[in-house]
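# Observations on the model geometry
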Amino acid sequence: MKKILVLFLSVLTVVSLTACRKEIDNDVWHEIYAREVASLNQYLIKDSTGYLITANIMDGLLEVDRYGTIQPSLAESYTVTPDFTEWTFSLREGVYWIDNTGAQTEYEVTANDFLFAVKYLGDPKNQAQVKTEFDNVALAGFREYYNALVDCDLAEDVACRNDVISQFDTMVGVEVIDKYTVKYQVGEDEEGNINGLSYFDTNILGPAFYPLNEEFYTLHGKNYGLDEFRTLYSGAYYVSDWTRDKEIVLKRNESYWDLEKVHIKEINMQKVADSAIGLQLFQRGEVSSVTVDGQELTALQKSSKWNDKIYLSDKGKNTYWFALNFGIIAGTTNSVEESKLNPEFNVFVQNKDFRKALYHSMPKELLLMQSRPTGAQEMIRNTISPENYLSVNGVDYTDLDVIPDCTGCTNYPSLQDIKNSDTYDEALAVEYLDKAIAALTDGSGNITDADQKTIPSFSAVNSYTVDGKLPIDILYIHGPGTEDTALGQLYKAKMEEIFGRDKINIILGTYKSSGYKEIILPQLYDIIYDSFGFKWGDPSAQLDRLDFDGIVNNGGYIDPYYEQLLLDAKAATDKQTRYDLFAQAEAYFIEEAYVIPWRATGGAYKLSYAVPFSGPMPSFGIAGYKYKGLQIQEDPVTTAQYETAKLTWEEEKKNLGN
């Protein structure tokens, strides 16, 4: 009842609130957050609030500017060997850590701070959330070192642990050359060969590569980061005040090495449990930016005060897709426990015609309109990799016009074809489904190798029975939110409308809190939609994780041709060849409909006082969370201002050759 009242009041204030607004202070950015951070330790962060704080209180070796171009940060320069195996960074001299008062400490930022960060992450006792960033770059010897410590700890052998730690300098590929120079050796394969990484400069934008002062950490141990007093700061801001579950205040580091680019003097973060009041706070001048939901948007568009101040932010780099459960435990050739499997879907999902029926029946724009009443078409993404983030010889990766070359790949599209196509085709979807039904039933509606079976109930759905006959029962699992529920209901209605209820029956289920833990990991679904972050600047960031034993191969599909294309692409040293092979692999993968990409992240309706495109472009790692460069204007951004700024920014970015 409380949420309904809050929402009602929020909508009322859209129209009625025209006065009593606080004057916006151009020096202070006001933010709201919903979830409290547990620690300021940069290696333990796991949500957007933690990313925002960490990105602003800590600097890494490199950063990105407002065009997404990688720029020097704590490293003023770096060199790379021709085979990309060794990356050597030269640090700025005279940069000191500061404390929670903004005072400069006796600790200078040195190469040892970066080496000690690797030691910290390499110790399994620290349970660092961001440790996987080292796994991604295959830092030489890191995996062996970490696993050796795990073995020692399992054996409760202290002498063993101490012996392994003593060998860190010879085992792990990070080296202090001198006080201001640190070197990383990267690209180790499973056989121990060092192959290098041409995109390592995008990997190190993440917090795993932020420095950690050994002396200060040793002083506080496990208590490091538990409050603003037991934390050191190397970034543009420091945490001056932290009242848990109420307020976090970040103030500008006045001794910052690049102070002229830090326009905002204070970031004031207030905890607000119910985001529904965010719009009211914005209209009162108490927050600097707010995301608007569909109901609020409708009311705002009727208000002469606010209807010309709403803009749709750009697409993000991550992609949502619909995952299909193939009944194989991911990374193995073993079947999922039979009691968990829906035999009807399991028979059909192995058939490409059936998967193509699902692919072409996906009403992407209609589904998006549930949360994006206008601009839905702009948010559709048919590819797995994002556009405008990767390019080779002046051509965007998603515009590569190379066709998969394999037996049976006649008339396969290129990645460029897929990107620009309208995949929604009801007639073609029905044609594909009829072909699949003809191949997998006996002509009387009985599904081959699918017997009657009762699927036991679990957290997301009650027990249900399938009879091994048409219609094909399909379990679609969605999240508990109102928007996800509405999307699931719309998907069910549309699928049954397109194919007919005599052919398709969608059963809806709702997970309670974590779709990954409750549903995806144990493979208790037929169809579910999900998203995974695009972590670094190479197509392998997503495609490699979608291979046979990849971390995002949720459904357990196996395709030797796709695996071989990935191996060939990763082995290629020439960037054009590498990207062409990855583009073939991605086009093939999508054409086989192992997953169904449907939308980009981002694209939220916004009201804001931030000067458009003045801050860092959202990029890899957490670099896009920085407020360095961001400027505040006196009045809310207008729709026209945003669109004009966007065109100017795009032209400037194009002229830079990005």
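Below or above, wherever it landed, is the structure these notes cover. Owing to the predicted nature of the structure, the values given are computational and were not obtained by experimental measurement.

### Considerations on the sheet that holds strand E12 (residues 266–271)
- Taken in spatial order, the four strands line up as E1-E12-E11-E10 in an open sheet, and their pairing is mixed. Looking along the sheet, the strands with just one partner apiece sit at the ends: strand E1 (28–33) and strand E10 (237–243). Between one strand and the next, the sheet's axes are offset by a mean angle of 20 degrees, whatever the strand orientation.
- The pairing of strand E11 (residues 247–252) with E12 spans five bridges and is classified as antiparallel. Opposite Val249, over in E12, you have Asn268 as the bridge partner.
- In the packing of helix H2 (residues 48–57) onto the sheet, contacts are made with E1, E10, E11 and E12, and the angle to E10 comes to roughly 135 degrees.

### Some thoughts on the environment of Lys265
- Tracing the chain through its elements places Lys265 in the loop between E11 and E12.
- With 11 residues separating them in the primary sequence, Lys265 and Glu254 have C-alpha atoms 9.1 Å apart.
- In this structure Lys265 touches Asp27, Tyr237, Leu250, Lys251 and Arg252, once residues within four positions along its chain are discounted.

### Examining the packing of aromatic side chains
- Tallying each qualifying case throughout the model produces 47 aromatic pairs.
- Taking 5.3 Å as the distance between ring centres and 70 degrees as the angle between the ring planes, the aromatic pair formed by Tyr557 and Phe589 counts as edge-to-face. One end of the pair, Tyr557, is in the loop between helix H20 (540–543) and helix H21 (560–571); the other, Phe589, is in helix H22 (residues 575–591), with 32 residues separating them in the sequence. Exposure class is identical for Tyr557 and Phe589. Each is buried.
- The rings of Tyr43, Tyr107, Phe116, Tyr120, Phe216, Tyr217 and Tyr224 are connected pair by pair, giving a single aromatic cluster.
- Sitting above the plane of the Tyr146 ring, Lys131 keeps its charged end 4.2 Å from the centroid.
- When the ring centre of Trp306 is taken as reference, the NZ or CZ atom of Lys305 above it lies at 5.0 Å.

### Structural notes on the pattern of salt bridges
- In the structure shown here, the tally under the stated rule is 31 salt bridges.
- Residue Lys183 pairs with Glu86 through a salt bridge whose shortest N-O separation is 3.7 Å. Of this pair, Lys183 sits in strand E9 (residues 181–185) while Glu86 sits in strand E5 (residues 86–91), placing them 97 residues apart in sequence.
- Salt bridges here are not isolated pairs; linked through shared partners, they connect Lys352, Arg355, Lys356, Glu591 and Glu592.

### As for the pairing of E10
- Where burial is concerned, most of E10 is hidden: five out of the seven residues are buried.
- In this structure, E10 lies alongside E11, joined through six bridges in antiparallel fashion. Note on E11: the bridge partner recorded for Thr243 is Glu247.
- Taken together, E10 and the strand that follows it, E11, pair antiparallel across an intervening segment of three residues, in which Asp245 is found at a positive phi of about 65 degrees.

### Some thoughts on the state of the cysteines
- Per the counting criterion, the structure on display carries two disulfides.
- There is a disulfide in this structure between Cys152 and Cys160, and the S-S distance comes to 1.9 Å. Of note, the bridge from Cys152 to Cys160 carries an S-S torsion of about -55 degrees and is left-handed in sense.
- One disulfide in the model links Cys406 with Cys409; its S-S distance is 1.5 Å.
- The buried category is assigned to Cys409, whose relative accessible area is 5%.
- Here the chain pairs its bonded cysteines, counted in sequence order, in the arrangement 1-2, 3-4.

### A look at the pairing of strand E22 (residues 527–532)
- The buried count for E22 comes to five of six residues, which makes it a mostly enclosed element.
- For strand E15 (residues 315–324) and E22, the ladder comprises six bridges, and the chain directions are antiparallel. Note on E22: the bridge partner recorded for Trp321 is Asp530.
- Sheet analysis places strand E20 (residues 472–478) next to E22, joined by two bridges and oriented parallel. From the neighbouring strand, Tyr476 faces E22, where its bridge partner is Ile527.

### A word on the side chain of Asp473
- Relative to the helices and strands, Asp473 is located in strand E20.
- Buried and unpaired, Asp473 has Lys492 as its nearest opposite-charge partner, separated by 8.3 Å.
- Filtering out sequence-adjacent residues up to four positions away, Asp473 remains in contact with Asn342, Glu344, Phe345, Thr465, Val466, Asn505, Ile507 and Asp526.

### Focus on the side chain of Asp258
- Relative to the helices and strands, Asp258 is located in the loop between E11 and E12.
- On the basis of relative accessible area, Asp258 is assigned to the buried category, the value being 10%.
- Apart from residues no more than four positions distant in its own chain, Asp258 is found in contact with Glu63 and Lys628.

### What about the packing of helix H5 (residues 142–154) against helix H6 (residues 158–166)?
- In the contact formed by H5 and H6, the axes pass within 8 Å of each other and the chain directions differ by 165 degrees. Considered as vectors, H5 and H6 are oriented roughly antiparallel to each other. By crossing handedness, the relation of H5 to H6 is classed as left-handed. Note on element contacts: H6 touches H5 through Cys160, Arg161, Val164 and Ile165, opposite Tyr145, Ala148, Leu149, Cys152 and Asp153.
- When its residues are assigned to classes, the contact of H5 with H6 shows seven nonpolar, no polar and two charged.

### Comments concerning the nonpolar core
- Judged by nonpolar contacts, the single largest core of 199 residues is most densely connected at Phe89, Tyr184, Phe200 and Phe354.
- Top element by residues in this core is H22. It accounts for nine residues.
- The residues contacting Phe200, other than those within four sequence positions of it, are Trp87, Phe89, Val137, Tyr184, Val186 and Phe209.

What counts and how
Residues numbered from 1 in each chain as written. Predicted model: local features only at pLDDT ≥ 70, side-chain atom pairs only at ≥ 80, totals over all residues. Heavy atoms only, no water. Pairing = 2+ DSSP bridges. Helix = DSSP H or I, 4+ residues; strand = E, 2+ residues; numbered from the N terminus. Axes fitted to C-alpha atoms, helices over the stretch in contact; angles between N-to-C directions. Contact = heavy atoms within 4.5 Å. Phe/Tyr/Trp six-rings, centres within 6.5 Å; stacked < 30°, edge-to-face > 60°. Buried < 20%, exposed > 50% of the residue type's maximum accessible area, 1.4 Å probe, protein only. Lys NZ or Arg CZ within 6 Å of the ring centre and 35° of its normal. Salt bridge = Lys/Arg side-chain N within 4 Å of Asp/Glu carboxyl O. Disulfide = S-S within 2.5 Å. Lys, Arg positive; Asp, Glu negative; His and termini not counted. Parallel < 35°, antiparallel > 145°, perpendicular 65-115°, else oblique. Left-handed = near helix turned anticlockwise from the far one by under 90°. Nonpolar A, V, L, I, M, F, W, Y, C, P; charged D, E, K, R; others polar. Core = buried A, V, L, I, M, F, W, Y, C linked by side-chain atoms within 4.5 Å.

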